[in-house]
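# Coordinate inspection notes
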Amino acid sequence: MGDLLYLSVQYIRHHKLKLAVLVFAITLVGWLPIAVQIIVDQTASQLLARADSTPIVIGARGSPLELSLGSLYFSTRTPETLNYAELEKVAATGLATGIPLYYRFHSQQHPIVGTTPDYLDYRKLRISTGRPFALLGEAVIGSKVADELQLSVGDAVISSPESVFDIAGVYPLKMPVVGILEPAFSPDDNAIFVDIKTSWVIQGLGHGHQDLANKIALGQILKKDGNNLVANASVKQYNEITADNIDSFHFHGENSLRPISAIIPLTADDKATALLIGRYQQERDDVQIVRSQKVISELLDTVFTVRDYIVAGIAVVAVATAIVALLVFFLSLRLRRGERFTLARIGASREQIILLMATEVVTVILVSGALSAMLILLTHQYGMQLLQQLLLS
Amino acid sequence: MMMLRKLRLLFLLIAVISVTSCDEKGTDVKTVDTAPASIITVNYPLYYFTQQLAGDLATVILPVPAGTDPAQWNPQLEDVLRMQQAELIILNGAGYSTWLDKVSLSPHKLVNSSLDAKDQWISLDGQTTHSHGPGAEHSHSGYAFTTWMDMTLARQQASAIARALIKRWPAQQQAIVLRETRLLETLTELDIGYQQLAVDLAGKNLIYSHPVYQYFERRYQLAGESLHWEPGEMPSEKQWRYLQNRVAGKSDSLFIWEDEPSAAIAERMAAMGLASVVIRPAANTSSKDWLGEQQANLKRLRELTF
């Protein structure tokens with residue numbers, strides 16, 4: 001037996017390149033279809049978990065998919081908007097209360113989500129350091145934002161201009177970080193949360209400036225017509241809300257006419273959810289109510305279709321690889337005819353010769369199987385992160 | 001095309017999920033807060049109404065420090081954090097709490113007690129409008145906010161609070177309705193009392209120390225001129241001269257103070273032969289409860305002699 005083992009090892013050492021190629025090919029064929037399955041399952045499970053926790057969403061008419069993805073993942077850059085008044089309309093149904101979301105703005109690549117303190121409770125987001133946002137202009141950041149931007153409580157985030165060419169647009173708003181969330185392992189980790197009114201200030205719908213009735217600002221008054229003061233554009237507007245200037249911040253017009261991206265309705269039970277959906281679908285043409293689970297499931301159908309195509313392709317490759325491997329083994333056996341003859345002449349039994357010849361096949365299959373299993377485990381643990389790096393690089 | 005679009009969205013989505021995902025913490029359980037329920041109110045009348053209506057359902061809080069006008073008060077950070085923990089925040093409406101735009105509160109907790117009577121809010125004229133840069137002209141106009149000095153509006157505010165309490169504690173509906181009935185009866189008695197006394201004051205030359213009686217004037221048909229006199233601050237000679245001219249030759253003049261004037265002011269007014277009376281809106285806490293303050297107003301009006 002020791003002789004056989006010695007001869008087998010020597011054979012493998014001598015043909016290591018050929019065997020390595022075979023092992024690599026068979027490993028890939030064994031790993032790929034299962035890896036695709038794992039990635040798809042993990043994606044589906046995470047998508048559905050988020051959608052399950054947010055079964056319905058209300059937004060402006062448009063793509064239900066973009067509304068769902070925007071309200072669940074804050075992934076839409078310029079969402080269609082609806083009026084804040086819709087929040088009161090939701091409450092007026094008596095079937096639900098709503099949480100407003102306004103996710104139009106960003107700070108670097110991180111979405112700034114304008115909402116109410118209810119959102120943090122709804123998502124069960126806990127503050128690890130600091131406190132929730134309480135005053136206009138304050139921000140609470142997700143754990144990934146804190147890690148990536150190296151921010152802590154007391155630092156500040158600055159809203160990014162929507163366009164670098166918008167030089168006459170709204171000034172970026174500097175917002176103090178008052179709280180950092182515990183990791184939630186969800187898109188909330190990557191977001192910056194502010195009060196809905198702060199997001200309106202970012203948009204320029206509310207602002208703070210010098211008191212025009214103040215003597216210091218007199219030089220900036222173009223004319224006074226009765227009770228109306230007309231100032232020039234040099235009036236100092238504040239780009240940071242502080243304790244000293246917060247009283248000067250104000251909004252123009254009614255809150256009800258200001259924009260939001262979506263509303264997450266909170267219903268007491270499934271019956272209320274069904275009634276709310278029915279009411280919106282029957283009575284409202286200007287807004288849409290979507291079942292996130294249904295929309296995400298439809299998206300997943302696409303994922304599963306793609307997965308099936310990929311798996312089918314891999315299956316064809318697997319068959320081809322198996323045929324090539326068989327051919328390699330067959331040719332190898334033919335090439336080793338002289339070796340078998342020599343072994344027989346020096347006294348090796350028929351069984352010993354078969355065992356020695358089989359060593360090549362068994363070694364390739366065992367090593368490939370072990371490598372495939374290891375890769376599958378790694379995929380299960382780190383597949384999503386690797387995919388992310390691949391997609392973002 | 002549709003498929004490609006979905007795939008594009010999908011890849012973006014996977015990127016977003018991947019940035020944040022490991023395991024969705026779906027079973028995370030929030031610690032149950034065992035703190036007693038609290039209701040925040042923004043002035044003394046609302047504090048009184050809510051206390052009467054809520055009974056022992058919750059602790060009713062008026063966070064405004066004594067001696068501060070609740071209409072001028074701005075909450076500090078700790079006040080806002082306390083409001084975030086409250087079950088309900090009872091607001092007066094009519095632009096009373098101007099700080100609302102500067103704090104983060106759940107809209108579902110906010111109860112605008114006079115919203116149903118919005119059509120009865122009195123708009124204030126003479127507000128400065130302004131424009132600057134490319135923005136449109138705008139004003140920071142507002143409404144008179146001492147709504148509770150019209151007892152019919154006070155009744156509506158009390159009913160709005162009762163509805164909010166029932167919505168929050170539906171199992172307590174019967175008890176809340178019972179308490180509401182009692183409170184509404186009390187407010188009706190006050191209304192009748194003011195109406196009866198208003199008959200005697202009708203047609204008199206009324207001067208109010210501050211423009212906080214708009215709803216009172218309208219409800220009880222006691223129109224007068226509002227000045228800006230502080231009870232504890234001696235008016236200037238110019239102000240005294242203005243008052244002198246305003247009451248000259250009118251023996252039926254009556255000066256209505258929102259609080260007890262200082263002795264020096266009262267003496268000088270008496271020397272002018274000008275009658276005065278204190279009608280407290282009682283926006284903030286005092287030694288009496290709000291009902292006691294209103295009954296004291298009625299008592300002073302009854303005792304009034306020209």
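Residues numbered from 1 in each chain as written. Chains lettered and ligands numbered in written order. Predicted model: local features only at pLDDT ≥ 70, side-chain atom pairs only at ≥ 80, totals over all residues. Heavy atoms only, no water.

Attention now moves to the overall build of chain A. Counting secondary structure elements, chain A contains 11 helices and 16 strands. Of the accessible surface of chain A, which amounts to about 19900 Å², a share of 60% is contributed by carbon and sulfur atoms. (Helix = DSSP H or I, 4+ residues; strand = E, 2+ residues; numbered from the N terminus. Areas by Shrake-Rupley, 256 points an atom, 1.4 Å probe, with all protein chains shown as cover.)

Summing up its helical and strand segments, chain B has 9 helices and 10 strands in all. The buried share of chain B, reckoned over its 306 residues, is 50%. Expressed as a percentage of contacts within chain B between residues at least 6 apart in sequence, the contacts between residues at least 24 apart total 58%. Summing over all exposed atoms, chain B offers an accessible surface of approximately 14800 Å²; the carbon and sulfur share of this is 51%. (Buried < 20%, exposed > 50% of the residue type's maximum accessible area, 1.4 Å probe, protein only. Contact = heavy atoms within 4.5 Å.)

This part is about the sheet that holds strand 8 (residues 225–226) of chain B. Residues and elements named next belong to chain B. An order of 8-7-9-10 is seen for the 4 strands of this open sheet, with the pairing classed as parallel. Only two strands of the sheet have a single neighbouring strand rather than two, namely strand 8 and strand 10 (275–278). Pairing of strand 7 (residues 205–208) with strand 8, which is carried by 2 bridges, proceeds in the parallel orientation. Paired with Ile-207 across the bridge in strand 8 is Glu-225. On the sheet, helix 7 (residues 237–247) packs against strand 7, strand 8 and strand 9 (253–257) and is oriented at approximately 160° with respect to strand 7. (Pairing = 2+ DSSP bridges. Axes fitted to C-alpha atoms, helices over the stretch in contact; angles between N-to-C directions.)

Looking now at the packing of aromatic side chains. Given two aromatic rings, their pairing is described by the distance between the two centres and the angle made by the two planes. For the structure on display, the rule yields 25 aromatic pairs over all chains. Through pairs of rings, three or more aromatic residues link up here, namely B:Tyr194, B:Tyr208, B:Tyr213, B:Phe216 and B:Tyr220. Above the face of the A:Tyr11 ring, A:Arg336 is positioned so that its terminal group lies 3.5 Å from the ring centre. When the ring centre of B:Trp169 is taken as origin, the NZ or CZ atom of B:Arg168, which lies over that ring, is 4.7 Å away. (Phe/Tyr/Trp six-rings, centres within 6.5 Å; stacked < 30°, edge-to-face > 60°. Lys NZ or Arg CZ within 6 Å of the ring centre and 35° of its normal.)

Residues and elements named next belong to chain B. Contact pair helix 4 (residues 151–168) / helix 5 (residues 173–201): the axes reach a minimum separation of 9 Å and the direction vectors enclose 175°. Between helix 4 and helix 5, the angle falls in the class roughly antiparallel. Facing Met-151, Thr-152, Ala-154, Arg-155, Ala-158, Ser-159, Ala-162, Leu-165 and Ile-166 of helix 4, the residues of helix 5 in contact are Gln-173, Ile-176, Val-177, Glu-180, Leu-183, Leu-184, Leu-187, Thr-188, Leu-190, Asp-191 and Tyr-194. Of the residues belonging to the contact of helix 4 with helix 5, the class tally is 13 nonpolar, 4 polar and 3 charged. (Parallel < 35°, antiparallel > 145°, perpendicular 65-115°, else oblique. Nonpolar A, V, L, I, M, F, W, Y, C, P; charged D, E, K, R; others polar.)

Moving on: the side chain of A:Ser8. Of note, A:Ser8 is situated in helix 1 (residues 2–14). Leaving out residues up to four positions away in the same chain, A:Ser8 has contacts with A:Leu356 and A:Thr359.

The subject of this paragraph is the nonpolar core. The biggest cluster of nonpolar side chains holds 70 residues, and the ones touching the most others in it are B:Phe49, B:Leu165, B:Leu187, B:Tyr194, B:Phe216, B:Ile279 and B:Trp290. With 9 residues, the single largest contributor to this core is helix 5 of chain B. Two domains each provide a minimum of three residues to this core, namely domain 1 (38–117 + 140–184) and domain 2 (201–302) of chain B. Membership of the second largest hydrophobic core comes to 40 residues, among which are A:Ile141, A:Ile180, A:Trp200 and A:Ile263. (Core = buried A, V, L, I, M, F, W, Y, C linked by side-chain atoms within 4.5 Å. Domains from an automatic or database assignment.)

Okay, the sheet that holds strand 4 (residues 110–112) of chain B next. All names here are of chain B. Pairing within the open sheet is parallel, and its 4 strands lie in the order 2-1-3-4. Sheet topology places strand 2 (59–61) and strand 4 at the edges, where each strand pairs with a single neighbour. The mean angle between the axes of side-by-side strands here comes to 20°, regardless of whether they run parallel or antiparallel. Examined bridge by bridge, strand 1 (residues 38–41) and strand 3 (residues 88–91) share 3 bridges and lie parallel to one another. Bridged to Thr-41 within strand 3 is Ile-90.

Residue and element names in this part refer to chain A. Regarding helix 4 (residues 85–92), the residues found buried are Ala-85, Glu-86, Leu-87 and Val-90. Contact partners of the buried residues in helix 4: strand 1 (56–60), strand 2 (82–83), strand 3 (96–107), strand 15 (262–267), helix 8 (270–283) and strand 16 (287–291). Following helix 4 by one or two positions, Gly-94 has its phi on the positive side, about 75°.

For the rest of this paragraph, the subject is a nonpolar patch on the surface. Residue and element names in this part refer to chain A. Side chains of Val-367, Leu-371, Met-374, Leu-378, Tyr-382 and Leu-386 sit close together on the surface and give an oily, nonpolar patch of about 540 Å² of accessible area. As for its position among the elements, Leu-371 is in helix 11 (residues 350–392). In this structure Leu-371 comes out as partly exposed when scored by relative accessible area, which is 31%. (Patch = residues over 30% accessible without salt bridge, like charges linked within 9 Å, V, L, I, M, F, W, Y side chains within 5 Å. Salt bridge = Lys/Arg side-chain N within 4 Å of Asp/Glu carboxyl O.)

All names here are of chain B. For chain B, the assigned domains are domain 1 (38–117 + 140–184) and domain 2 (201–302). The C-alpha-based centres of domain 1 and domain 2 are spaced at 27 Å. Opposite the 24 residues of domain 1 that make contact, domain 2 presents 20 residues. By the criterion of area lost to domain 2, the three top residues of domain 1 are Tyr-44, Tyr-48 and Met-149, representing 41% of everything that side buries. Inspection of the region where domain 1 meets domain 2 yields 0 salt bridges. (Buried area = accessible area lost by both parts, 1.4 Å probe.)

The next thing to look at is the pairing of strand 3 of chain B. All names here are of chain B. Covered by surrounding structure in strand 3 are Leu-88 and Ile-90 together with Ile-89 and Leu-91, the residues of both alternating faces. Strand direction decides the pairing type here: strand 3 and strand 4, joined by 3 bridges, are parallel. Bridge pairing in strand 4 places Ile-90 opposite Val-111.

All names here are of chain B. Roughly 710 Å³ of internal volume is contained in the second largest pocket. Lining the second largest pocket we find 29 residues, and of these Asp-69, Val-212, Glu-258, Pro-281 and Ala-283 sit closest to its centre. When the residues that make up the lining of the second largest pocket are grouped by side-chain class, the tally is 13 nonpolar, 10 polar and 6 charged. Per-domain counts for the lining of the second largest pocket show at least three residues from each of domain 1 (38–117 + 140–184) and domain 2 (201–302). (1 Å grid on protein atoms, 1.4 Å probe; cavity = no way out; pocket = protein on both sides within 12 Å on 5 of 7 lines; lining within 4 Å. Points joined across faces, edges and corners; volume = space filled by probe spheres on them.)

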